[in-house]
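# An overview of the molecular structure
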Amino acid sequence: MLLTVERRPAATVSKPAFSVILPLAAEELVPEALIALLPPDMEVFLARGGSRADSLNAGAAVATGDHLWFVHADTQLTPGAITALRAAAAQAPEALLFFDVGFDGPAIMGLNGAGVRLRSHLLRLPFGDQALCLDADLFHRLGGYPAVPRGEDHLLVWRAHRAGVPVRPVGARVTTSSRRYARRGWARTTATHLVLTVRQALPEFIAYLRGR
């Protein structure tokens, strides 16, 4: 499928502070409910086709906002999320920002939410479902998302660490879908994610230590 980017311009400003980039799979529906929650001074890009990294980079390439906010289509914004993001971006304009994340679905998903919080706050390794946001110029200086089949968000965060970019929490939470866990099984999916994360993180961590 060809890579396409649809722009929905900000309604109230010509130069938005935030460009919201939503990567979509080939047949994925446009998340109109999510878009409706975004304020009119943010522009939105719907990027579809290629890998997720391709879509994210394509949206970033044509965005005009000062900050790029990468949001998955199944993300649900909590009250106060946007206000917290604006405040965090103003306080730390050169940081890579991330949200805490909760999962819908059964109570056992609370364990995954706790694990995500530990990984992102203690190790400073947030993933893409945590609605990453960073200054547009900084994103391009980091080289954008690496063109890999999976884990592009993880690798972008490592690029930030190696460049000395602070990785900071917004101080608010978003919710994401647990449908992958329901479809593939909680234990199997959790274990798979853990193995892939460690496998990808190890060489990045070694490179980070060598560069210090």
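Rules used throughout
- Along each chain, residue indices are assigned from 1 in the same order as the chain's sequence is written.
- Only residues with pLDDT of at least 70 get local features here, since the model is predicted, and only at 80 or more are side-chain atom pairs given and counted; chain-wide, interface and lining totals rely on the full set of residues.
- Computation of side-chain values: all heavy atoms of the structure, hydrogens and water removed.
- Here a pair means two rings of Phe, Tyr or Trp (six-membered ring of Trp) with centres within 6.5 Å. Their orientation is stacked below 30 degrees between planes, edge-to-face above 60, and tilted elsewhere.
- Helix numbering and strand numbering both begin at the N terminus, where a helix is a DSSP run of H or I of at least 4 residues and a strand a DSSP run of E of at least 2.
- When accessible area is computed with a 1.4 Å probe and restricted to protein chains, residues below 20% of their type maximum are described as buried, those above 50% as exposed, and intermediate ones as partly exposed.
- Our definition puts a charge over a ring when NZ of Lys or CZ of Arg is within 6 Å of the ring centre and also within 35 degrees of the ring normal.
- Only heavy atoms enter the contact rule, under which two residues are in contact if any of them lie within 4.5 Å.
- Pairing between strands requires that DSSP locate at least two bridges from one strand to the other.

### Things to note about the packing of aromatic side chains
- Scanning the entire structure with this criterion turns up four aromatic pairs.
- Where W69 meets F99, the ring centres are 5.9 Å apart and the plane angle is 20 degrees; that geometry is what we call stacked. On the criterion of sequence distance, the pair formed by W69 in strand β4 (residues 67-70) and F99 in strand β6 (residues 96-103) is long-range, its members being 30 residues apart. The pair formed by W69 and F99 is uniform in burial state, with each residue classed as buried.
- Taken together through their ring pairs, the aromatic side chains of F70, F139 and Y145 make up a single cluster.
- Note that R119 overlies the ring of F127, its terminal NZ or CZ placed 3.7 Å from the centroid.

### Re the environment of L37
- Its location among the elements puts L37 in the loop between α1 (32-36) and β3 (42-48).
- The exposed category is assigned to L37, whose relative accessible area is 52%.
- Distance from L37 to L77, taken between C-alpha atoms, is 7.9 Å for residues 40 residues apart in sequence.
- Discounting chain neighbours no more than four positions away, the residues touching L37 are L77 and I82.

### Side note on the pairing of strand β8 (residues 167-176)
- In the sheet, strand β5 (residues 76-77) pairs with β8 via two bridges, with the strands oriented antiparallel. Bridge assignment links L77 to a residue of β8, and that residue is V174.
- Two elements, β6 and β8, share seven bridges in a ladder whose sense is parallel. Of the residues in β8, the one forming a bridge with L96 is V167.

### Notes on the side chain of D129
- Positionally, D129 belongs in the loop between α4 (109-122) and β7 (133-135).
- Contact partners of D129, with chain neighbours within four places excluded, come to H72, V101, F103, V174 and T176.

### Looking at the pairing of β4
- What you see with β4 is no split at all: H67 and W69 on one side and L68 and F70 on the other are buried throughout.
- When strand β2 (residues 18-24) meets β4, the two strands line up parallel, connected through four bridges. Bridge pairing in β4 links I21 to F70.
- Judged from the three bridges that link them, β4 and β7 form a sheet pairing that is antiparallel. Residue H67 lies in a different strand from β7, and its bridge partner there is D135.

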